[in-house]
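Coordinates in review
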Amino acid sequence: MRVDRGVGSRTSLRACRSVLAGLVIVVIVACSQPPILIMVHNASASEFYLRVRWDYGEVHVLRSVAGSDGVVVSAQAGHPPATVELLRPDCSVVGSWAGRSGGMISIEAGGSARFGPIPADQPGPPAMDEVAGCGNTQFPAASNSPAAPPGGG
Amino acid sequence: MPISYYRLVGEQTIVIGTISGPGAWTRVTALMETTSSVTIGVSALRAPLPGTGENALELIVTLRDPLDSRTVIDASSGLAVPRTRCLPPAADLALCH
């Protein structure tokens, strides 16, 4: 009796190729993910703070000077996601955004804020100064003193 | 790959900063602790993928013992890695050390 093994073999080969192709696609997608970039655009006449916190316990607080732009988070794809909070200088929270891979926090002239895409023509903004206090783990506030620049200004 | 800086984020946890490019899988490949130093090596495996530019890459390293006053050494150069307290791109600023 003649047994046709061709159909079964071709099916197995096709299945293996599909799995392999899927794995290759996953690797390509994973290696091609863009970096994480969150910026802030402060169009108001007030100073605000951006507090960045990670689940592993690190917290940074950055100063957004009135009328300026800045980089809040700049990291390679795969870095743990951060929660970014917009604070007033008294550390009260204006807004909070968690797990965003990229975008711009726009502070309007009236002090309200929204999270949106980074404009295509946005030039690279400068780094932002760290602020002591408001939970900053690298620059903790001195006791009985308001948040101040790390340089003591 | 060279390590640009490190930040202490916990007694036994540090974040190291390096530079990585597109399509690269960068990870810690060596970690050796002694009573006086912590030596860390970082390697990258690059895939033949399109893309340009490089980005600061931070990797979290958990130590066996608290870092305390031990020196962090870059395995690729044998040199001490400077400590910073800031996030990139500000990590190199003088006031962050």
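So, how was this worked out
Residues numbered from 1 in each chain as written. Chains lettered and ligands numbered in written order. Predicted model: local features only at pLDDT ≥ 70, side-chain atom pairs only at ≥ 80, totals over all residues. Heavy atoms only, no water. Phe/Tyr/Trp six-rings, centres within 6.5 Å; stacked < 30°, edge-to-face > 60°. Helix = DSSP H or I, 4+ residues; strand = E, 2+ residues; numbered from the N terminus. Lys NZ or Arg CZ within 6 Å of the ring centre and 35° of its normal. Buried < 20%, exposed > 50% of the residue type's maximum accessible area, 1.4 Å probe, protein only. Pairing = 2+ DSSP bridges. Salt bridge = Lys/Arg side-chain N within 4 Å of Asp/Glu carboxyl O.

What follows concerns the packing of aromatic side chains. Residue and element names in this part refer to chain A. According to the stated counting rule, one finds 2 aromatic pairs over all chains in the structure shown. Here the aromatic rings of Trp97 and Phe115 are separated by 6.0 Å at their centres, their planes lie at 40°, and the arrangement is tilted. Highlighted residues: Trp97 in strand E6 (residues 93–98) and Phe115 in strand E8 (residues 113–116), separated in sequence by 18 residues. Across from the ring centre of Phe115, 4.6 Å away, lies the NZ or CZ of Arg100, which sits over that ring.

Okay, the pairing of strand E5 (residues 82–87) of chain A next. Residues and elements named next belong to chain A. In terms of burial, E5 is a largely internal element, 5 of the 6 residues being buried. Pairing geometry for strand E2 (residues 48–54) and E5, over 6 bridges, is antiparallel. Bridged to Leu50 within E5 is Leu86. One ladder, built from 5 bridges, connects E5 with E6; its direction is antiparallel. Looking across to E6, one finds that Val84 is bridged to Trp97. Here E5 folds back onto E6 in antiparallel fashion, the turn holding 5 residues, of which Cys91 has a positive phi close to 75°.

With that out of the way, let us pick up the pattern of salt bridges. Residues and elements named next belong to chain A. Scanning all chains against the criterion turns up 8 salt bridges over all chains. Linking Arg63 and Glu47 is a salt bridge whose minimum nitrogen-to-oxygen distance equals 3.0 Å. Of this pair, Arg63 sits in strand E3 (residues 59–64) while Glu47 sits in the loop between strand E1 (36–42) and E2, and the two are 16 residues apart along the sequence. We classify Arg63 as buried; its relative accessible area is 14%. Taking relative accessible area as the criterion, Glu47 reaches 29% and is therefore assigned partly exposed. Between Glu85 and Arg53 there is a salt bridge, with the nearest N and O atoms lying 3.2 Å from each other. Of this pair, Glu85 sits in strand E5 while Arg53 sits in strand E2, and the two are 32 residues apart along the sequence.

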